[in-house]
Amino acid sequence: MTTSDAAIRSRLDTLAKSLRAFHSALLDFAKGEYEFLHGPVAGPFALYSLVTSDPAFQWLRPLSGLMATLDEVLDAKGTHLTPQNVSDVQHALGLLFSDSDTRFADFRAGYERASTDARVRETTAQWRSQLGGLEA
């Protein structure tokens, strides 16, 4: 592992942790919306089932997929990380939040609703700050 690789890996790992906190905040918000309409979720297994199959949670899937891909890249043995990896993550997050990309309109609508939540705003600021600190 080169110094450049180690630095990129460290920054992307920090970003991945921040994205997990952000995702958790969004998931808690979505769960609250769901419970307001349908009553309490019966536990973590019921929540998992809802997240993977209920349309009320579908808007979270693009972020979940991006995070899974980032984790796969970081966990891959023998993979040398380059500035292109950083650029790819920046590009993917840019598309997710871009008004011009209609594929992620549902995500943006869900995020817009959730952005009233203090924890969502806090975790958003955290990952955005880390993303801005990445050098491509």
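Residues numbered from 1 in each chain as written. Predicted model: local features only at pLDDT ≥ 70, side-chain atom pairs only at ≥ 80, totals over all residues. Heavy atoms only, no water.

Draft legend 1. Expanded view of the pattern of salt bridges. Summed over all chains, the structure comprises 8 salt bridges. Between Asp28 and Arg119 there is a salt bridge whose closest N-O contact spans 2.4 Å. One end of the pair, Asp28, is in helix 1 (residues 3-38); the other, Arg119, is in helix 6 (residues 118-132), and 91 residues separate them in sequence. The exposure class of Arg119 is partly exposed, given its relative accessible area of 34%. (Salt bridge = Lys/Arg side-chain N within 4 Å of Asp/Glu carboxyl O. Helix = DSSP H or I, 4+ residues; strand = E, 2+ residues; numbered from the N terminus. Buried < 20%, exposed > 50% of the residue type's maximum accessible area, 1.4 Å probe, protein only.)

Draft legend 2. The arrangement of helix 6 in detail. Between the first and last C-alpha of helix 6 there are 21 Å, a value that for 15 residues agrees with the 21 Å anticipated at 1.5 Å per step. Every buried residue belonging to helix 6 is among Val120, Thr123, Thr124, Trp127 and Leu131, and all of these are buried. Mapping the buried residues of helix 6 onto a view down its axis gives an arc of 110°, with all of them on the same face. Set apart from the buried face of helix 6 by more than 90 degrees, the exposed residues are Glu122, Ser129 and Gly132. N-capping of helix 6 is provided by Asp117, with a side-chain oxygen placed 3.0 Å from the backbone N of Arg119. (Expected span 1.5 Å × (residues − 1). Arc of directions from axis to C-beta. Polar contact = N/O pair within 3.5 Å; in protein donor to acceptor, adjacent residues only side chain to side chain.)

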